[in-house]
Amino acid sequence: GHLQYLFLPLIQVSPPPSLPFTHGQPMKFLGYIVLIFLVAFSLIFASDTKPPQTITEKKEVVVSCVGDSITEGTRSDTLPLTYPEELQKILNEHKPDGPNWYKVVNLGKTGYAVGSESDAPYVNSSSWDYLLKWRNSDYVIIILGTNDARDGNWVSEDYFKASYKSIISKILSFPKRPKVYLCTPPPVFTS
């Protein structure tokens, strides 16, 4: 059980007239909010740690967020925080006196894809290099795949799955054997 799938609902939502969204942004906004709360809920209530003897014995729990611009926060001008920043805030506010202190690391890289033959493979990014050198994650959340849908990047479903499995296998080989959460990328809009 170190690999868990987290699927976001892929529905189109129309905002109330008072919200300043343009076409495509309501789903993106809803996706961010749903993702943040689902991941926070999973991490808070699925913790395998035992309570400490005293409050001063807090353990740092590292959550690495792997992804593309959705994770990095590129063009998130409608949201005050990236989802990793929001996740850290929620996790540490929910259990301020609990046994853990959560450190959420944003390893998003704009434009990167799962496929090793894509125009920007995530495994060739500085974020991937950092993750491999650091290897200290308790949890890894992966939201990759949106850029694989671009023209020239998509090879086949089997190729995509093999590339994704390669990334996951490497992460699961880390000394801490982190739990890996795979998130469904949001839909791609034409506008």
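Rules of the game
Residues numbered from 1 in each chain as written. Predicted model: local features only at pLDDT ≥ 70, side-chain atom pairs only at ≥ 80, totals over all residues. Heavy atoms only, no water. Helix = DSSP H or I, 4+ residues; strand = E, 2+ residues; numbered from the N terminus. Buried < 20%, exposed > 50% of the residue type's maximum accessible area, 1.4 Å probe, protein only. Contact = heavy atoms within 4.5 Å. Pairing = 2+ DSSP bridges. Core = buried A, V, L, I, M, F, W, Y, C linked by side-chain atoms within 4.5 Å. Phe/Tyr/Trp six-rings, centres within 6.5 Å; stacked < 30°, edge-to-face > 60°. Lys, Arg positive; Asp, Glu negative; His and termini not counted. Salt bridge = Lys/Arg side-chain N within 4 Å of Asp/Glu carboxyl O.

Colleague: Break down the overall build of the chain for me, citing the residues and quoting the values.
Modeller: Looking only at helices and strands, the chain has five helices and five strands in total. In sequence order, the secondary structure elements of the chain are arranged as β-α-β-α-α-β-α-β-α-β. Looking at the chain residue by residue over its 191 residues, the buried ones come to 44%. The long-range share in the chain, meaning contacts at least 24 apart out of those at least 6 apart in sequence, stands at 77%.

Colleague: Lay out the pairing of strand 4 (residues 139–143) with the relevant residues and their values.
Modeller: Within strand 4, five of the five residues are buried, which leaves it mostly tucked inside the rest of the structure. Here strand 4 shows a buried face lined by Tyr139, Ile141 and Ile143 and a second buried face lined by Val140 and Ile142. Across five bridges, the pairing between strand 2 (residues 59–67) and strand 4 is parallel. Looking at strand 4, one finds that Cys65 is bridged to Ile141. Bridge count between strand 4 and strand 5 (residues 179–183): four bridges; the pairing is parallel.

Colleague: Quick rundown of the pairing of strand 2? Include the residues and the values.
Modeller: Most of strand 2 is tucked away, with seven of its nine residues classed as buried. As paired elements, strand 2 and strand 3 (residues 100–108) share nine bridges and run parallel to each other. Within strand 3, the residue paired with Val63 across the bridge is Val104.

Colleague: So what about the nonpolar core? Which residues, and what values?
Modeller: Val66, Ile142, Leu144, Tyr164 and Ile171 are the most contacted members of the largest nonpolar core, which totals 20 residues. Looking at this core, the elements with two or more residues in it are strand 2, strand 3, helix 4 (126–134), strand 4, helix 5 (157–172) and strand 5. Membership of the second largest hydrophobic core comes to 13 residues, among which are Cys65, Tyr83, Leu87 and Tyr139.

Colleague: Pulling in residues and values, what's your account of the packing of aromatic side chains?
Modeller: Scanning the entire structure with this criterion turns up five aromatic pairs. Ring centres of Tyr130 and Trp134 lie 5.5 Å apart, and the angle between their planes is 35°; this geometry places the pair in the tilted category. In this pair, Tyr130 and Trp134 both sit in helix 4, four residues apart, roughly one turn of the helix. On the accessibility criterion, Trp134 (23% relative accessible area) is partly exposed. Here the aromatic residues Trp154, Phe160 and Tyr164 are joined through ring pairs into a cluster of three or more.

Colleague: Can you lay out the environment of Arg177 for me, pointing to particular residues and giving the numbers?
Modeller: Along the chain, the position of Arg177 falls in the loop between helix 5 and strand 5. The partly exposed category is assigned to Arg177, whose relative accessible area is 40%.

Colleague: Can you explain the side chain of Asp68? Please cite residues and give values.
Modeller: When you line up the elements, Asp68 lands in the loop between strand 2 and helix 2 (69–72). Here Asp68 occupies a buried position and makes no salt bridge, while the nearest side chain of opposite charge, Arg150, is found at 7.8 Å. With sequence-adjacent residues up to four places away left out, Asp68 is seen in contact with Gly108, Lys109, Thr110, Tyr112, Ile143, Leu144, Gly145, Thr146 and Asn147.

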